[in-house]
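Observations on the three-dimensional arrangement
Residues per chain, in single letters:
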Amino acid sequence: MNNIQFIIIGVGSVGKRHAQFINTQGSDLLCVDISKNARDWCKNNLNIKTKSFSKVSSLSNHIKDSKKKKIGIISNLGPDHFKSIEELYSLGVNNFLIEKPITNSLKSLHKLENLCNSNKLNIVGGFQNRYLGIVEKIIYIGKNELGGDPMLMCVNGGAMGIVTTGIHFLDLAISIFGSNPINTLSNLRSIKINPRAKKLDFWEGCSIWEFEKKKRLSINSTNFSSVKQRAEIFFPWGRILINGDMTLSIYKRNMKEVSADKRIIRLGVDEKLKRTIMPNRSNLYKKMFKNLIDNKNNNFKRELIASKAIIFSLISNVKSKTMSLDEKVEKKYYDFEWQIS
């Protein structure tokens, strides 16, 4: 990684974690943040090779003079993502790790897709849950102990933000179900309590996405509770609980009862098994950057689908109808820039 020049746009809580990791690798690092406090943090906490700036245009000579491979990290506010991508792309950066949501409009998401489709950009979404090793364990336990494939995932909790935190579980569901959402229906409202900025929305309520083979994800949150979310995944004979710390608890029906009457409508109580599955957080950031570092062309559509699905859920809420993700929406919704981050 010391042969790479990293550029971070936005040194907030997430950007700081990226900066600290990159700092341990001895890589060149350029940081951009409009906040003087953020730039002071860079100066006081990162090595002397790190340079910080208040705007992207100030990076021009530093980027063009370096012969190293370049990776941009977009971790500023969601409404600023696409503009930052365009600015770095104009300076010769074409590898990006982009925090969620990837962009804040269908229009900019489509533009980004076109850039990736023409092999001008290589992108990875900042969805950390993919790299914890829990997806593979959930699928394995379901098939070998709980009767088959996961069919329903329910996420419930307090003020997590349907977009802010919910999108991570949406992306996780896409991995667990092994397919993309087909349609969505939402009943949401926003309260201006987003800790990142007053202008940003913070959505609560319920969103539902339907997948292939009648699989379904629901996310239900309230901005009037501080209880951390948890997720339950239902299988034919049991369920897996994803706890607030991303550990997995397994619940299974009494198999003698199942054998006596296997009809799916013959419901029974499940009991918690003794073992707990731990997430694997080792080398988390190396795993996230791996495809970009190794010059592997990833499936960019997979990187974009969660952001597309979350934007369609917001449109569904405004229109009070179920929305197909293949549906062509009116220009005002296609162009609309949601204040999400």
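A few points on the structure. All figures in this text were calculated on a predicted structure; none of them were measured in a lab. (Residues numbered from 1 in each chain as written. Predicted model: local features only at pLDDT ≥ 70, side-chain atom pairs only at ≥ 80, totals over all residues. Heavy atoms only, no water.)

1. Some thoughts on the state of the cysteines
Covalently bonding the sulfur atom of one cysteine to the sulfur atom of another cysteine gives a disulfide. Counted under the stated rule, the structure contains 0 disulfides. Free cysteine cysteine 42: the closest other cysteine sulfur is in cysteine 31, separated by 3.9 Å. Given the relative accessible area of 3%, cysteine 42 is considered buried. You can see cysteine 154 has no disulfide; the closest cysteine sulfur is in cysteine 206, sitting 9.0 Å from it. (Disulfide = S-S within 2.5 Å. Buried < 20%, exposed > 50% of the residue type's maximum accessible area, 1.4 Å probe, protein only.)

2. A closer look at the pairing of strand E9 (residues 203-210)
In this structure, strand E8 (residues 183-190) lies alongside E9, joined through 8 bridges in antiparallel fashion. Among the inter-strand pairings, serine 186 is bridged to a residue of E9, identified as serine 207. Bridge count between E9 and strand E10 (residues 216-221): 6 bridges; the pairing is antiparallel. Of the residues in E10, the one forming a bridge with serine 207 is isoleucine 219. (Pairing = 2+ DSSP bridges. Helix = DSSP H or I, 4+ residues; strand = E, 2+ residues; numbered from the N terminus.)

3. Regarding the pairing of strand E12 (residues 238-242)
Extensive coverage of E12 is indicated by the burial of 5 of its 5 residues. Neither face of E12 is exposed, since Gly238, Ile240 and Ile242 on one face and Arg239 and Leu241 on the opposite face are all buried. Alignment of strand E11 (residues 230-235) against E12, held across 5 bridges, turns out to be antiparallel. Its bridge partner being in E12, phenylalanine 235 is matched across the sheet by glycine 238. As consecutive antiparallel partners, E11 and E12 are separated by 2 residues. Pairing analysis gives 5 bridges linking E12 to strand E13 (residues 248-253), with the strands arranged antiparallel. The partner of isoleucine 240 across the bridge, within E13, is isoleucine 250. Linking E12 back to E13 in an antiparallel pair, the connection comprises 5 residues, with methionine 246 at a positive phi of about 70 degrees.

4. Looking at the nonpolar core
For soluble globular proteins, nonpolar side chains are generally found buried alongside one another. In terms of nonpolar packing, the biggest core is built from 73 residues, with Met153, Leu172, Leu217, Ile242 and Phe289 touching the most fellow members. Here this core gets 10 residues from one element, more than from any other, and that element is helix H7 (residues 161-177). When residues no more than four places from it in sequence are discounted, the contact partners of leucine 172 are Asn129, Ile134, Val135, Met153, Ile242 and Met246. One finds Leu88, Leu91, Leu109 and Leu121 within the second-largest nonpolar core, a separate group that totals 25 residues. (Core = buried A, V, L, I, M, F, W, Y, C linked by side-chain atoms within 4.5 Å. Contact = heavy atoms within 4.5 Å.)

5. Side note on the packing of helix H5 (residues 106-117) against helix H10 (residues 300-319)
Helix packing for two helices is described by the angle between their axes and how far apart those axes are. Following both chains from N to C, one finds H5 and H10 inclined at 170 degrees, their axes separated by 10 Å at the closest point. Compared by their axis directions, H5 and H10 come out roughly antiparallel. Where H5 crosses over H10, the two elements pack in a sense that is left-handed. Where H5 abuts H10, its residues Leu106, Leu109, Leu112, Glu113, Cys116 and Asn117 lie against Phe300, Lys301, Leu304, Ser307, Lys308, Ile311, Phe312 and Ile315. Of the residues belonging to the contact of H5 with H10, the class tally is 9 nonpolar, 2 polar and 3 charged. (Axes fitted to C-alpha atoms, helices over the stretch in contact; angles between N-to-C directions. Parallel < 35°, antiparallel > 145°, perpendicular 65-115°, else oblique. Left-handed = near helix turned anticlockwise from the far one by under 90°. Nonpolar A, V, L, I, M, F, W, Y, C, P; charged D, E, K, R; others polar.)

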